[in-house]
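A structural walkthrough
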Amino acid sequence: MKSHPSLVLAYLFIVQFCILILVDGFSLTASNGNCRTTGPTTRFETVTTSTSTTASKTSKLHLLSLQYTPPNDPGTFSEVVTTVWRWKDTVLGNGQDFFVPKPKTLTALQDCLLAKTSVDEVVVISNCARLELLIFCCNENIVDIISRELLRQVQYHQEHPHTLQLGLGWDMPTCIATAHHQSTLRDSQVNELSRYWTHYTDLADITRHLCLIASGMANRPRRPIRPVPFQPFSSRDAHVLLQLKRTLDVCRGRQTSILLKGALEAGKAVRNDRIVSELQLLQQYGTGDNKYSVDPPSHVLELVTQAAMKKGIQPAIEVTLERLSMALDEERTQRIVQLRRQADNLALNADESAFIQKRLHEPTMRLREGSSLQIDSVLAELQSDLKRLRGRRLQQAYSDQRMTD
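Reading the values: rules and limits
- Residues numbered from 1 in each chain as written.
- Predicted model: local features only at pLDDT ≥ 70, side-chain atom pairs only at ≥ 80, totals over all residues.
- Heavy atoms only, no water.
- Helix = DSSP H or I, 4+ residues; strand = E, 2+ residues; numbered from the N terminus.
- Contact = heavy atoms within 4.5 Å.
- Areas by Shrake-Rupley, 256 points an atom, 1.4 Å probe, with all protein chains shown as cover.
- Core = buried A, V, L, I, M, F, W, Y, C linked by side-chain atoms within 4.5 Å.
- Buried < 20%, exposed > 50% of the residue type's maximum accessible area, 1.4 Å probe, protein only.
- Axes fitted to C-alpha atoms, helices over the stretch in contact; angles between N-to-C directions.
- Parallel < 35°, antiparallel > 145°, perpendicular 65-115°, else oblique.
- Left-handed = near helix turned anticlockwise from the far one by under 90°.
- Nonpolar A, V, L, I, M, F, W, Y, C, P; charged D, E, K, R; others polar.

1. A word on the overall build of the protein
If you tally the helices and strands in the protein, you get 13 helices and eight strands. Contacts spanning at least 24 positions in sequence make up 72% of the contacts within the protein whose residues lie at least 6 apart. Just so you have it, the protein exposes about 21,500 Å², and 54% of that area is on carbon and sulfur atoms.

2. Comments concerning the nonpolar core
Grouped together as the largest cluster of nonpolar side chains are 41 residues, with contacts concentrated most on Leu210, Phe230 and Leu244. Breaking this core down by element, the ones donating at least two residues are β4 (60–66), β5 (121–126), β6 (131–137), α7 (203–215), α8 (235–249), α9 (254–269) and α10 (298–344). Once residues lying within four places of it in the same chain are set aside, the contact partners of Leu210 are Leu63, Ile125, Leu134, Leu259 and Ala263. Within the second largest apolar cluster, 34 residues are counted, among which are Trp85, Ile135, Ile146 and Val190.

3. Remarks on the packing of α8 against α9
At a minimum axis distance of 10 Å, the contact between α8 and α9 shows a crossing angle of 160°. By the criterion of interaxial angle, the relationship of α8 to α9 is roughly antiparallel. Two packed elements cross with a definite hand, and for α8 against α9 that hand is left-handed. Along its contact with α8, which presents Leu241, Leu244, Lys245, Thr247 and Leu248, the element α9 presents Ser257, Leu260, Lys261, Ala263, Leu264, Gly267 and Lys268. In terms of residue class, the contact of α8 with α9 is made up of six nonpolar, three polar and three charged.

As structure tokens, then:
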């Protein structure tokens, strides 16, 4: 008995379609190392979304500086803020012994912040006078997110007083609550703490602020009314360089590392009389650390301070901003190359390659603009589009064959 040509074509169509599905699943698995597979099909960690409807978010740098609320000022005092400062003094240090380093504790805190807040980079700057966080992320509500996480850390220690006692003066990463620790915070507490952060978002302002810290000329949140004169020969003021160096040692992010390195360069430059020759005008007045020192005339101090800003700080700011720009451009280029290479591996022929290149125009532009983009989502959407495209082509070939018969 002879088989009907239409039945044969239908059978061939089904077989070809199944083969294409298998090949399609394996092709994306080979091109993407960030997906988990079971057999020939692929299940992605990232939820697939349409690139045409996904909101474009750009990762940028934030600097949060916690204000201090003195108990003797009822108009500004906040018990929530004071509790966070007490936690900082106990866990991260309070400035005794020129601020004993706690690299393990800082690393544990930063790792927990990365896990709980989904930021790209974070580094904690903590010393006797300040508690600040340098963050690289695309979250617009980062102030509330950080406030909630720090209050979770505070609550953990209130529930574990023995850990507090063990952690006094020691580098004890067990003082940090893990990402799995559950807390019972009130939104009112989070909202109150969120109001007491000074939030920098302009890249030049962030860079300038860090350079001033390294130079000993930045306002100190814990001593807001105390003047901050430039004292280039003060060993106490120069100790901030060691503190920033220790912070850099536990910094893992590329953008945040560039900023800290730029700040250290500024702090060294303003204390180098070969760069700022005007420093010699202050030598006769002493270091400013002991009773034998005298205050220099205001006009002399102003002259030297301006020279330090012009010759030491401003060049460091410009170099750091240039490095940041280059690093961002390099990172974007690498992501574009990664996207195009993995997407091209999905194509089975030249027509599909052309289709993919056309579809990649929008996500490529978003990457060049620095917008947040999930490459896995783009690849998964491309795979779905290719499946539909191949299915339509097979249907068209089947229809054409039937018309021919």
